Amino acid sequence: MLIVGASLAGMRAAETLRLEGFEGSITMVGDEPEPPYDRPPLSKEILSGEWQADRTALYRPEALEALELTWRLGVRAVGLDIAGRSVALDDGEVLRGDGVVLATGARPRTLRNAEPLDGVYTLRSLTDALAIREEFLAQPSRVVVVGAGFIGAEVAAVAREQGLSVTMVEIAEVPLQRVLGAEMGAVCAEVHSDHGVDLLMGAAVGSLVGGDDGRVHQVVFSDGSRLEADMVVVGIGVVPNTEWLEGSGLRLGDGVVCDETCLAAPGIVAAGDVARWPNKLFADSMRVEHWDNAVEQGSAAARRLLAGAAGCAGASYTPVPWFWSDQYDRKIQLAGRTREDDEVKVVTGSVDERRFAAIYGRAGRIVGVLGFNRPRHVMLYRRLIASAASWEEALAVAEGDG
Ligand SMILES: Cc1cc2nc3c(=O)[nH]c(=O)nc-3n(C[C@H](O)[C@H](O)[C@H](O)COP(=O)(O)OP(=O)(O)OC[C@H]3O[C@@H](n4cnc5c(N)ncnc54)[C@H](O)[C@@H]3O)c2cc1C
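About the criteria used
- Residues take numbers from 1 onward in each chain, read along the sequence in its written order.
- Local features are withheld for residues below a pLDDT of 70 in this predicted model, meaning they are given only at 70 or higher, and side-chain atom pairs are given and counted only at 80 or more; totals for whole chains, interfaces and linings count all residues.
- Only hydrogens and water are removed before side-chain values are computed, so all heavy atoms of the structure are retained for them.
- Working definition: helices are DSSP H or I runs of at least four residues, strands are E runs of at least two. Numbering for both runs from the N terminus.
- Our radius of gyration is a C-alpha quantity, and the globule rule it is checked against amounts to 2.2 Å times the number of residues to the power 0.38.
- Between buried and exposed lies partly exposed: a residue is buried under 20% and exposed over 50% of the maximum accessible area for its type, with that area taken using a 1.4 Å probe on protein chains only.
- In this description, contact between two residues means that some pair of their heavy atoms is separated by no more than 4.5 Å.
- Positive charges come from Lys and Arg, negative ones from Asp and Glu, while His and the chain ends are left out of the count.
- Note that the charge is assigned to NZ on lysines, CZ on arginines, CG on aspartates and CD on glutamates.
- Strand pairing follows a simple DSSP-based rule, namely that at least 2 bridges must link the two strands.
- Note on method: axes are straight lines fitted to C-alpha atoms, helices fitted across the in-contact stretch only, with angles between N-to-C directions ranging 0 to 180 degrees.
- For each residue, the test is whether any non-hydrogen atom lies within 4 Å of the molecule or strand; if one does, the residue is near.
- Two N or O atoms form a polar contact when they lie within 3.5 Å of each other; inside protein one atom must be a possible hydrogen donor and the other a possible acceptor, and for residues adjacent in sequence the pair counts only when both atoms belong to side chains.
- Accessible areas in this description were obtained via Shrake-Rupley with a 1.4 Å probe; residue shielding takes into account the shown protein chains only.
- Gly falls in the polar group here, along with every residue not listed as nonpolar (Ala, Val, Leu, Ile, Met, Phe, Trp, Tyr, Cys, Pro) or charged (Asp, Glu, Lys, Arg).
- Computed over the protein atoms alone on a 1 Å grid, cavities are sets of points where a 1.4 Å probe fits but cannot get out and pockets are open sets with protein on both sides within 12 Å along at least five of seven lines; a residue lines them when it has an atom within 4 Å of a point.
- Grid points are joined across faces, edges and corners, and a volume is the space filled by probe spheres set on the points.
- Side-chain rings of Phe, Tyr and Trp (the six-membered ring for Trp) are treated as a pair once their centres are within 6.5 Å; stacked means planes under 30 degrees apart, edge-to-face means over 60, and tilted covers the remaining angles.
- An angle below 35 degrees is treated as roughly parallel, one above 145 as roughly antiparallel, one from 65 to 115 as roughly perpendicular, and anything else as oblique.
- Handedness of each helix crossing follows the sense of rotation of the near helix against the far helix: counterclockwise by less than a right angle gives left-handed, clockwise gives right-handed.

Asks: Got a minute to help me understand the overall build of the chain in this structure?
Replies: The helix and strand inventory of the chain stands at nine helices and 27 strands. On C-alpha atoms alone, the chain measures out to a radius of gyration of 22 Å, which is about the 21 Å that the 2.2 N^0.38 rule sets for 402 residues. Projected onto the principal axes, the alpha-carbon positions of the chain cover approximately 60 × 55 × 40 Å. For the chain, with 402 residues in total, the buried portion stands at 54%. For the chain, long-range pairs separated by at least 24 residues make up 60% of all intrachain contacts whose partners lie at least 6 apart in sequence. Side chains of the chain give 39 positive and 58 negative charges; the mean places of these two sets differ by 4 Å.

Okay, structure coming up:
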């Protein structure tokens with residue numbers, strides 16, 4: 001088997017193949033030089049200095065060895081031949097497999113027309129995180145975080161905890177507006193202003209301006225206004241890594257388009273941040289950029305390959321997406337498929353104390369739950385979402401739960 005992308009989803013696929021008894025060869029192709037590592041600590045414990053880089057390893061060396069994988073790290077896949085199930089690498093080699101797992105993840109979106117300047121960062125890799133950490137230690141006088149999504153918010157939180165001056169800039173009126181809606185987005189904004197972050201909402205960044213030293217000096221907004229900055233972290237979302245698959249015949253559309261079983265073509269599956277598939281539970285096509293999905297879909301995709309090889313139909317992949325984010329002393333969790341215009345109801349706790357759970361409803365169903373330091377409630381309502389419970393049932397559970 002060939003697995004392209006040697007990170008979370010790819011490794012879970014490899015592990016599942018072995019757990020399910022696959023004894024053939026498994027080759028892992030990955031363009032990063034390091035053995036697989038975990039990304040969530042990058043914007044938390046690595047940025048704060050609490051952890052050294054080696055703690056992010058996804059597996060201990062003995063565990064990796066036990067999987068008996070063939071490694072091709074530091075090389076990039078540049079093409080896929082669907083019929084031959086072969087992958088061309090940038091060093092000229094062509095690898096063939098009985099099955100192929102596409103797990104090439106996503107990379108940060110960058111600002112349009114931004115010339116390269118020192119002091120400007122995105123955050124996806126261990127190298128990015130260590131570089132940002134290094135800058136934090138040099139005590140920049142003003143950090144500007146562009147984008148108030150989960151990554152931007154975590155970077156802002158760590159920077160504040162390091163005593164740095166931080167401005168968080170967001171094009172929407174509140175953070176995470178499209179996902180959480182105006183009311184809960186405003187709560188996220190307040191968490192940051194409580195901790196001394198300057199928030200500039202509804203502000204579109206036009207460009208970044210550098211000085212003669214080649215370092216960023218100012219952020220220029222589309223209305224012409226300017227903000228001083230000597231460090232900028234851009235967290236404006238990600239784009240799936242699918243360019244290398246162009247011309248392969250696979251359907252691409254904001255990700256590798258799969259069927260409901262994660263199959264992209266016969267013998268070819270996709271998983272993790274790069275995969276788009278119709279999730280029957282929500283009757284919606286989705287691409288999910290969360291840790292838990294990379295784990296679950298990596299496993300599901302591997303099982304799909306084995307089912308296909310055995311001549312069986314695969315199972316539909318129907319998870320309730322789930323995500324967490326650590327900001328200051330809050331653990332924020334979101335499960336389900338929420339939208340800006342969903343009905344929102346706080347079912348437990350106190351929004352003022354930032355310790356609560358709120359559920360999201362649409363078309364008579366519970367579709368999401370947001371928790372601030374309320375993990376039990378997030379899991380409780382996540383189960384209701386998984387069972388396609390009605391909004392009324394969810395409200396009745398809330399009543400019973402007190
Ligand atoms: C800083 C940060 C913090 C996060 N925090 C959280 C969190 O708190 N909670 C949460 O739920 N999720 C979090 N996430 C999201 C989570 O880490 C991702 O959803 C997960 O890493 C996706 O795994 P993946 O294997 O699909 O993709 P990736 O982890 O992106 O791995 C894809 C791999 O494929 C490689 N690759 C790409 N193209 C090629 C190619 N052509 N050839 C060879 N290799 C290639 C990439 O370099 C990479 O190594 C965070 C992500 C980041 C970046």
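Don't stop here, the text continues.
Asks: How should the sheet that holds strand S23 (residues 322–327) be read in this particular structure?
Replies: With antiparallel pairing, five strands are arranged side by side in an open sheet as S23-S24-S27-S26-S25. A strand with exactly one partner marks an edge of an open sheet, and here the two such strands are S23 and strand S25 (343–350). In this sheet, adjacent strand axes meet at a mean angle of 15° when their direction is disregarded. Where strand S26 (residues 355–362) meets strand S27 (residues 365–372), seven bridges bridge the pair, whose relative direction is antiparallel. Bridging across to S27, Phe-356 finds its partner in Phe-372. Strands S23 and strand S24 (330–336) of the sheet are contacted by helix H5 (residues 150–161), whose axis makes an angle of about 20° with S23.

Asks: In this structure, what is going on with the site of the ligand? I would like to understand it.
Replies: Of all residues adjacent to the ligand, which total 33 residues, the nearest are Asp-31, Glu-32, Arg-39, Lys-44 and Arg-124. In the environment of the ligand, an oxygen atom lies 2.8 Å from a nitrogen or oxygen atom belonging to the side chain of Asp-273. Protein contacts shield 96% of the accessible area of the ligand, which totals 1000 Å² for the unbound molecule. Those elements that place two or more of their residues in the shell around the ligand are helix H1 (8–19), H5, helix H7 (291–309) and S23. A breakdown of the residues in the shell around the ligand according to their chemical character gives 15 nonpolar, nine polar and nine charged.

Asks: For this particular structure, what's the right way to read the layout of surface pockets?
Replies: The gaps of empty space that remain are located by a probe, the size of a water molecule, rolled over the atoms. Its volume calculated, the second largest pocket comes out at about 170 Å³. In terms of lining, the second largest pocket is formed by Ser-43, Lys-44, Glu-45, Ser-48, Glu-50, Glu-154, Ala-157, Val-158, Glu-161, Asp-326, Gln-327 and Tyr-328. No other element matches H5, which puts four residues into the lining of the second largest pocket.

Asks: Looking at this model, I keep getting lost on the packing of aromatic side chains. Mind explaining?
Replies: One pass over the full model with this rule turns up five aromatic pairs. Ring centres of Trp-291 and Trp-324 lie 6.0 Å apart, and the angle between their planes is 70°; on these two criteria the pair is classed as edge-to-face. With Trp-291 in helix H7 and Trp-324 in strand S23, this pair connects stretches of sequence that are 33 residues apart. Overall, the relative accessible area of 26% leaves Trp-291 in the partly exposed class. Given a relative accessible area of 18%, Trp-324 falls into the buried group.

Asks: For this particular structure, what's the right way to read the environment of Leu-123?
Replies: By secondary structure assignment, the location of Leu-123 is in the loop between strand S9 (120–121) and helix H4 (126–137). Of the residues examined, Leu-123 reaches a relative accessible area of 11% and is grouped as buried. Along the backbone, Leu-123 and Asp-90 are 33 residues apart, and their C-alpha atoms lie at a distance of 24 Å.

Asks: When you look at the packing of H1 against H7 in this model, what are you seeing that I'm missing?
Replies: Any two packed helices are characterised by the angle at which their axes cross and by the distance between the axes. At a minimum axis separation of 7 Å, H1 and H7 run at an interaxial angle of 40°. It follows that H1 is oblique to H7 by the angle criterion. Between H1 and H7 the crossing geometry is right-handed. Facing H1, whose interface residues are Leu-8, Ala-9, Arg-12, Ala-13, Thr-16 and Leu-17, H7 presents Trp-291, Ala-294, Val-295, Gly-298, Ser-299, Ala-302, Arg-303 and Leu-306.

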